[in-house]
Amino acid sequence: METINLALTRDNAFWQFSIRVYATPGVADECLAVQERYGIDVNALLFCAWVARARKIELTPQDIEALDAIVASWHESVVRPLRSVRRFMKDLPDGDIAALRTRVKGVELDAEQLEQAMLFAHAGQRWATEGHAPISAAVRANLERYLRAHGYRGQSNGDWPLDRLAATVTALSAQS
């Protein structure tokens, strides 16, 4: 189990990137669909896109394994159980349960922000300098490599499930 760094920067460039990208119409639905289909961690998926955009890095299979190892225990022990509790309460009658569900949703978001802070800290240690990969190619390569590590077997030019996410990240890069 990877040691969790308790001196994390919660409001960081990766978190701000994730908020902006995830708010783009269609991106959240796309990310949640691959989460359900392949059991992936959306925070790690967004990290793969952010590393391509912010650091111009194309991830290796070893990089994917490392980022999974960094957050796996946190994600499995904290984020997923909170999500499960929130989803369970969704179909229960309103009233006090709805108020509790709202609080659980806030705690779940806090847990995801901490997970992203762990990944952001890893990026600062792993890639102190910017790479040279073309952003749009690196975004696509990183997303595909992450999905393939988690069971995706399609073709990126066929049934590619992350067109909107890749296009959004590439468009943001062109604006900067």
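Summary of the structure given here. (Residues numbered from 1 in each chain as written. Predicted model: local features only at pLDDT ≥ 70, side-chain atom pairs only at ≥ 80, totals over all residues. Heavy atoms only, no water.)

Quick look at the side chain of Glu108
Quick reminder of the rule: Put simply, DSSP marks the helices as runs of H or I at least four residues long and the strands as runs of E at least two long, and each gets a number from the N terminus on. Contact criterion: two residues are considered in contact whenever any of their non-hydrogen atoms come within 4.5 Å of each other.
By secondary structure assignment, the location of Glu108 is in helix H5 (residues 96-126). If we ignore the near neighbours within four places in the chain, the residues touching Glu108 are Leu82, Arg83 and Arg86.

Here's the deal with the packing of helix H1 (residues 13-22) against helix H7 (residues 163-175)
Rule in force here: Comment: axis = line fitted to C-alpha atoms, over the contacting stretch for helices; angle = value between 0 and 180 degrees taken between N-to-C directions. Our angle categories are set so that under 35 degrees counts as roughly parallel, over 145 as roughly antiparallel, 65 to 115 as roughly perpendicular, and the remainder as oblique. Here a crossing is taken to be left-handed if its near helix is turned anticlockwise relative to the far helix by less than a right angle, and right-handed if that turn runs clockwise.
Where H1 contacts H7, the two axes come as close as 10 Å, and the packing angle between them is 120 degrees. One finds that H1 runs oblique with respect to H7. The way H1 lies across H7 gives a crossing that is right-handed. Contact residues: H1 offers Phe17, Arg20 and Val21, while H7 offers Leu165, Thr168, Val169, Leu172 and Gln175.

Things to note about the packing of helix H4 (residues 61-90) against helix H6 (residues 135-149)
Quick reminder of the rule: Each residue gets one of three labels, nonpolar for Ala, Val, Leu, Ile, Met, Phe, Trp, Tyr, Cys and Pro, charged for Asp, Glu, Lys and Arg, and polar for the others, Gly among them.
Between H4 and H6, the least distance of the axes is 10 Å, while the angle of their chain directions is 65 degrees. When the axis of H4 is compared with that of H6, the two are roughly perpendicular. For the pair H4 and H6, the sense of crossing is right-handed. Between H4, through Pro61, Ile64, Leu67 and Asp68, and H6, the contact on the second element is made entirely by Asn142, Arg145, Tyr146 and Ala149. Here the residues of the contact of H4 with H6 are counted per class, giving five nonpolar, one polar and two charged.

Side note on the packing of aromatic side chains
We apply this condition: Stacked, tilted and edge-to-face are the three classes assigned to paired rings of Phe, Tyr and Trp, where Trp is represented by its six-membered ring and a pair needs centres within 6.5 Å; plane angles under 30 degrees give stacked, over 60 edge-to-face, the rest tilted. Each residue is placed in one exposure class: buried if its accessible area under a 1.4 Å probe, protein chains only, is under 20% of its type's maximum, exposed if it is over 50%, and partly exposed if it falls in between.
Counted by the stated rule, this structure contains six aromatic pairs. With 5.8 Å between their ring centres and 85 degrees between their planes, Tyr38 and Tyr152 make a pair best called edge-to-face. Of this pair, Tyr38 sits in helix H2 (residues 27-38) while Tyr152 sits in the loop between H6 and H7; the two residues are 114 residues apart in sequence, bridging distant segments of the chain. Tyr152 shares its class with Tyr38; the two are buried. A centroid spacing of 5.6 Å and a plane angle of 50 degrees characterise the contact between Trp50 and Phe120, whose relative ring orientation is tilted. Within this pair, whereas Trp50 is found in helix H3 (residues 42-55), its partner Phe120 is found in helix H5, the two being separated by 70 residues in sequence. A relative accessible area of 3% places Trp50 in the buried class. Judged by relative accessible area, Phe120 falls into the partly exposed class, the value being 22%. Here a set of aromatic residues connected by ring pairs shows up, and it is made of Phe14, Phe47, Trp50, Phe120 and Trp127.

Interpretation in functional terms is not warranted from these geometric data alone.
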